[in-house]
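Okay, here's what each chain looks like letter by letter:
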Amino acid sequence: MIYRHKNFILDMNGSKGKLYVNGWLRFMGDHYVAITMLLRFSENHPDVRAKFKTQLEMREKPRFTETERTTPMQK
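Quick caveat, the model's predicted, so the values are computed rather than measured. (Residues numbered from 1 in each chain as written. Predicted model: local features only at pLDDT ≥ 70, side-chain atom pairs only at ≥ 80, totals over all residues. Heavy atoms only, no water.)

Some details on the overall build of the protein
Scanning the protein from terminus to terminus reveals 4 helices and 4 strands. Seen in sequence order, the protein has helices and strands lined up from the N terminus as β-β-β-β-α-α-α-α. Counting every position in the protein, which comprises 75 residues, the buried fraction comes to 28%. Long-range contacts, defined as pairs at least 24 residues apart, comprise 25% of the intrachain contacts of the protein with a sequence gap of at least 6. In the form shown here, the protein has an accessible surface area of approximately 5900 Å², with 54% of it arising from carbon and sulfur atoms. (Helix = DSSP H or I, 4+ residues; strand = E, 2+ residues; numbered from the N terminus. Buried < 20%, exposed > 50% of the residue type's maximum accessible area, 1.4 Å probe, protein only. Contact = heavy atoms within 4.5 Å. Areas by Shrake-Rupley, 256 points an atom, 1.4 Å probe, with all protein chains shown as cover.)

Structure (structure tokens):
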């Protein structure tokens, strides 16, 4: 899939995501990282966020609680 937004191109074909800004390759690697970089570069544009809403929601959130996060030294 290739997604275009203003001067950004996100190429999600193949095993690596590629993000181009003004025709220059800015990132090549994990698809999720490419999506989050596109969001940052586009200043969290609503159209971009809506397009990738499913992928962003699928990312698992941490399951531990605040008390599990602290180490014995921090108590």
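After that view of the structure, there is still more to cover.
Observations regarding the pairing of strand β1 (residues 2–5)
Burial of β1 is one-sided: the residues Tyr-3 and His-5 facing one way are buried, the residues Ile-2 and Arg-4 facing the other way are not. Strand direction decides the pairing type here: β1 and strand β2 (residues 8–11), joined by 4 bridges, are antiparallel. In the sheet register, Ile-2 faces β2, and the bridge partner there is Asp-11. Hairpin geometry of β1 and β2 is characterised by an intervening segment of 2 residues between the two adjacent antiparallel strands and by a positive phi of about 50° at Lys-6. (Pairing = 2+ DSSP bridges.)

Concerning the side chain of His-5
Tracing the sequence through the fold places His-5 in strand β1. Not counting residues up to four positions away in its chain, the partners in contact with His-5 are Ser-42, His-45 and Val-48.

A few points about the packing of aromatic side chains
Evaluated as defined, the whole model comprises 2 aromatic pairs. Their ring planes at 85° and their centres at 5.3 Å tell us that Tyr-3 and Phe-52 sit as a pair that is edge-to-face. You can see Tyr-3 sitting in strand β1 and its partner Phe-52 sitting in the loop between α2 (46–51) and α3 (53–58), a full 49 residues away along the chain. Taking relative accessible area as the criterion, Tyr-3 reaches 13% and is therefore assigned buried. A residue is classified by how much of its surface remains accessible, and Phe-52, at 0% relative accessible area, is buried. (Phe/Tyr/Trp six-rings, centres within 6.5 Å; stacked < 30°, edge-to-face > 60°.)

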